[in-house]
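Given next are the chains, with one letter for each unit.
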Amino acid sequence: MIAHTTLSRLEFNKVLQVIAGHARSDASMAAIMAITPLQSAAAITLSWQRVEEIRALLRQRISLRISRFSDIRPLLDQVRPDGAILSPFGLLEFIPVLGSLAELYKQLAPRDDIPALRLLEPFPVAFSDILEPLSATLDDEGTILDSASRELAEIRKAKRALAARVRRKLEEFVRKHETAIFLQDDFITVRSGRWVIPVRMDSKGMVPGVVHDVSSSGETAFMEPLEIIPFVNELENLSAEEKAEEIRILRQLSAWIREDADRIAACFTTLVELDRLDCIARFSEQFNMAVPELNQNGSLRLLSARHPLLMVMRAEQQDATPIVPLDLELSTPDKESILRREAGGEEAATQAYTTVRRGATDEANERTGAKATPQVLVISGPNAGGKTIALKTVGLITAMALSGMPVPASPSSSLPLLDALLVDIGDEQSIEQSLSTFSAHVAAISKILEQAGSRSLVLLDELGTGTEPLQGAAIGCAVLQELQQRGAVVLATTHLTEIVGFVQQTGGMQNAGMEFDSASWTPLYRLVMGEPGQSHALETARRYGLPESVLQTAKSLLGDAGTAFSNIIEELRQKRNALADELASQQQERQRLDTLALSLKQQEADLVRLRQETIEKARQDARDTITASRREMNQLLEQFKQDRRKETEGKFRQKAEELEASFAPTGQQPPSADALQPGSIVQVRSLGREATVISIDQTRNKVRVRAGSIEMEVPLHGLIIGTGTAGSKPRKNRPEIKMKLQTEEAANELNLIGKRVEEALIELEGFIDQAVLAGQREIRVIHGIGTGTLQRAVREFLGRHPQVNSFRSGEPHEGRDGATVVELG
């Protein structure tokens, strides 16, 4: 249980006041101001989930439909007795409440993305059978409407008609000459509920009627003419009937509310809870707060934490300086560490304190480095440097988290589920209780020691102050050791170097300092773990106007010990800054290498893509070339069939050479006629060797060459620019395209069984070309049945081949479906 005094010292109530500013009713404000830390992890988690679900709706621009409403619980208590009737103004208070419940039901009931809100008990209910009659009965000012009942509407209609008739009669009466001469004025008014006209007092006996009032001057009598009295009496009867009907309506509405009073009261509690959660959600969303982790092991980790009240203050200021975030981590020790400390705790504490008093600053300097996560953290540093703000930030964020609220820190932060949050912050001196500053601190610490345990967070401000420094430091060190042995997590602030040294020497404890800018002599409000801070009292005093003469005297009185300690701290700070710079440099280098690796990976991907595109383009170019060549081959085959074999054979060879030239690698393309001259060295594709150019016939695109003792005429596309000497030996492994023309009898049957599809189709294409050249009209392809894959591929290929007129499955003697008989064109 966390005491209210603790929450007050942390200014938790001020945070609640800011949140309550979003409330729609006094009941919601009271509920918000009554928020205290929860005891159960399940309750805290459920509150976080509900707040986050409302925040998710707000991010979708969906606000809870809650109108401003009043606290109806006193009215419900008033209407519970049988026969009790609420006034129109009392009933009017129920309309915004029931209206909000109805809107919330319509808004939330269909949604499936708010599981935690749906667990609210009871869930909002739409009391339509009460809300609709109430809305039809009362206007915004609490007046009962004609639509409240048919009887009331008829009574009021008759009443208005009769009142109009009375007015007309009075208007006629005052216009009569025999009456007008006795009137003080010609207006008509109402006195004591009766319709009257102003008659001169000296003439009241001349007008038949009843005097109901006299003016303050005594000169005018307000008289009701006798002839309208029956009508006015009837009007009063209608007014009585109207009053009776209004009471009946109010009684009926009150009875309906009485019947559902318990359900309405329960749903009102839900409405207040939803308004409370909505206020927390709006506050959290405004300052971009986050839900931290909740742990059961007592560890505390805050990342990018900010004091919530500072955030509120900065939001109200223009051009405000940004808040420096707070990062720190504390954890409880394991059982073995606790036992080890208890075994030698007192002796170790005495030795550590004595070591500090002896000035063992060198040893402390060597041990000032990165430690394991401490259980006790002591913050030192300049006055007005942010030590107490850091302390309150930790306490306030812890209180907010345990109250089920998001906190102004990173979602990676982790906060412990506590049994006690114990605080000694501020000066509690009291004249009435005879308490000085020191005695007030001691009294508070005594109570803390009584309550501290393994699930406690202790916050101590200005530890060891208020008395003689050496004795105060000794007490402070002993208090820290006692709290550590009890397993409490402790965060303290101090200005005493003896306490700083004790912490530096003690396992499980760590120093931290508020950073100070030595150049501008101003605090930076940044917490540095593992490094104690300097008080910089002289610089702070100078900043706040202390005379320079006083400062110089104080500096001379400071002595060498204080200067040495300050120098050690400054040296540690410089080393830390150098390490930080080196780390930043390494991080930059790592980022550069990561960027370079990413760039290389992208280049590799680009190369793979370019390779695939190049291969695909080459394949497409080859397909286009083959298609064009096949078309020309088919034309040549037609000529071959017409017995022009020699001429056709020459064209075949020429075409083969052209194809070979088109597939030649870069640098082996045929030369142009202009690029050759007698004596040039070329390579003859058909011979596979180099030759010397003798002459060039540009009209026929032919070249006469000599290779050894052989002279021959070669077309340009049959040549390659040579690099060697004439008459060199033929080159081996040179790719060639060879086409064989057969005039002899060719086979008319091809067996493809056992071959792969790609291999079989290549062989089939060559076989068809051989058969066409041989003049055959029909061939048989044996492919077998098997899985049918080869059969389908062969027949699809035959269906596309230009030389195939038709094909069919084989007859029984031809192999049935295991063979295909092809008719060539």
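Placed above this text is the structure.
Residues numbered from 1 in each chain as written. Predicted model: local features only at pLDDT ≥ 70, side-chain atom pairs only at ≥ 80, totals over all residues. Heavy atoms only, no water.

## With respect to the packing of aromatic side chains
For any pair of aromatic rings, geometry is given as the distance between the ring centres together with the angle between the planes.
Next up, step 1: Using the criterion set out here, one finds two aromatic pairs in the structure.
Next up, step 2: Ring centres of Phe69 and Phe268 lie 5.8 Å apart, and the angle between their planes is 90 degrees; on these two criteria the pair is classed as edge-to-face. With Phe69 in the loop between α4 (41–59) and α5 (73–79) and Phe268 in helix α12 (residues 261–286), the pair connects residues that are 199 residues apart, well separated along the chain. Side by side, Phe69 and Phe268 carry an identical accessibility label, which is buried.
Next up, step 3: Between Phe283 and Phe287 the ring centres are 5.4 Å apart and the planes differ by 65 degrees, which places this aromatic pair in the edge-to-face class.
Next up, step 4: One Lys or Arg, Arg118, reaches over the ring of Phe123 and ends 5.5 Å from the middle of that ring. (Phe/Tyr/Trp six-rings, centres within 6.5 Å; stacked < 30°, edge-to-face > 60°. Helix = DSSP H or I, 4+ residues; strand = E, 2+ residues; numbered from the N terminus. Buried < 20%, exposed > 50% of the residue type's maximum accessible area, 1.4 Å probe, protein only. Lys NZ or Arg CZ within 6 Å of the ring centre and 35° of its normal.)

## Observations regarding the sheet that holds strand β21 (residues 778–782)
Next up, step 1: If you walk across this open sheet you meet the four strands as β20-β21-β23-β22, and the pairing is mixed. Of all the strands in the sheet, just β20 (749–751) and β22 (804–809) have a single pairing partner and so form its edges. Strand-to-strand twist across the sheet, computed as the mean angle between neighbouring axes with direction ignored, equals 20 degrees.
Next up, step 2: The pairing of β21 with strand β23 (residues 819–824) spans five bridges and is antiparallel. Each residue of the ladder has a partner; that of Ile779, found in β23, is Val822.
Next up, step 3: Contacting β21, β22 and β23, helix α24 (residues 789–800) crosses the sheet at an angle of about 155 degrees to β22. (Pairing = 2+ DSSP bridges. Axes fitted to C-alpha atoms, helices over the stretch in contact; angles between N-to-C directions. Contact = heavy atoms within 4.5 Å.)

## Description of helix α18 (residues 469–485)
Next up, step 1: With 17 residues, α18 ought to run about 24 Å at 1.5 Å a step, and its terminal C-alpha atoms sit 24 Å apart, in line with that.
Next up, step 2: Within the sequence span of α18, burial applies to Gly472, Ala473, Gly476, Cys477, Val479, Leu480, Gln481, Leu483, Gln484 and Gln485.
Next up, step 3: The backbone nitrogen of Leu470 lies 3.1 Å from a side-chain oxygen of the residue at the head of α18, namely Glu468.
Next up, step 4: At the C-terminal side of α18, Gly487 shows a positive phi close to 90 degrees. (Expected span 1.5 Å × (residues − 1). Polar contact = N/O pair within 3.5 Å; in protein donor to acceptor, adjacent residues only side chain to side chain.)

## Section: the side chain of Ser284
Next up, step 1: As for its placement among the helices and strands, Ser284 is situated in helix α12.
Next up, step 2: Here Ser284 falls in the buried class, since its relative accessible area comes to 1%.
Next up, step 3: With sequence-adjacent residues up to four places away left out, Ser284 is seen in contact with Val51, Arg55, Met289 and Pro406.

## Description of the pattern of salt bridges
Next up, step 1: On inspection of all chains with the given rule, the structure shows 35 salt bridges.
Next up, step 2: Of the charged contacts in the structure, one is a salt bridge between Asp275 and Arg24, with a shortest N-O distance of 2.9 Å. Of this pair, Asp275 sits in helix α12 while Arg24 sits in the loop between α2 (12–20) and α3 (26–33), and the two are 251 residues apart along the sequence.
Next up, step 3: The buried category is assigned to Arg24, whose relative accessible area is 11%.
Next up, step 4: By sharing partners, the salt bridges in this structure join Asp146, Arg156, Lys159, Arg160, Glu242 and Glu246 into a single network. (Salt bridge = Lys/Arg side-chain N within 4 Å of Asp/Glu carboxyl O.)

## Side note on the environment of Thr595
Next up, step 1: Looking at the secondary structure, you find Thr595 in helix α21 (residues 548–641).
Next up, step 2: Separated by 2.8 Å, the side chain of Thr595 and the backbone oxygen of Gln591 make a polar contact.

## Some points on unusual backbone geometry
Next up, step 1: The linkage connecting Glu121 with the following residue, Pro122, adopts the cis geometry, with an omega of 0 degrees.
Next up, step 2: With phi around 60 degrees, Arg61 is a residue other than glycine that occupies positive phi space.
Next up, step 3: When you line up the elements, Arg61 lands in the loop between α4 and α5.
Next up, step 4: One non-glycine residue with positive phi stands out, namely Asn288, at about 55 degrees.
Next up, step 5: Of note, Asn288 is situated in the loop between α12 and β5 (293–295).
Next up, step 6: When its relative accessible area of 66% is taken as the criterion, Asn288 is described as exposed.

## Things to note about the packing of α4 against α12
Next up, step 1: Relative orientation of the contacting elements α4 and α12 amounts to 65 degrees, with a least axis distance of 9 Å. When the axis of α4 is compared with that of α12, the two are roughly perpendicular. With respect to the hand of their crossing, α4 and α12 are arranged in right-handed fashion. Contacts between α4 and α12 involve Ser47, Arg50, Val51, Ile54, Arg55, Leu58 and Arg59 from the former and Leu274, Leu277, Asp278, Ile280, Ala281, Arg282, Ser284 and Glu285 from the latter.
Next up, step 2: Along the lines of polarity and charge, the residues of the contact of α4 with α12 split into seven nonpolar, two polar and six charged. (Parallel < 35°, antiparallel > 145°, perpendicular 65-115°, else oblique. Left-handed = near helix turned anticlockwise from the far one by under 90°. Nonpolar A, V, L, I, M, F, W, Y, C, P; charged D, E, K, R; others polar.)

## Quick notes on the sheet that holds strand β2 (residues 194–200)
Next up, step 1: Pairing within the open sheet is antiparallel, and its four strands lie in the order β1-β2-β4-β3. With one partner strand each, in any of the chains shown, β1 (189–191) and β3 (209–214) form the two edges of the open sheet. Between one strand axis and the next, the sheet turns through 55 degrees on average, direction left out of account.
Next up, step 2: Direction of pairing for β3 relative to strand β4 (residues 220–225): antiparallel, over a ladder of five bridges. Looking at the pairing, Gly209 lines up with Pro225 of β4.

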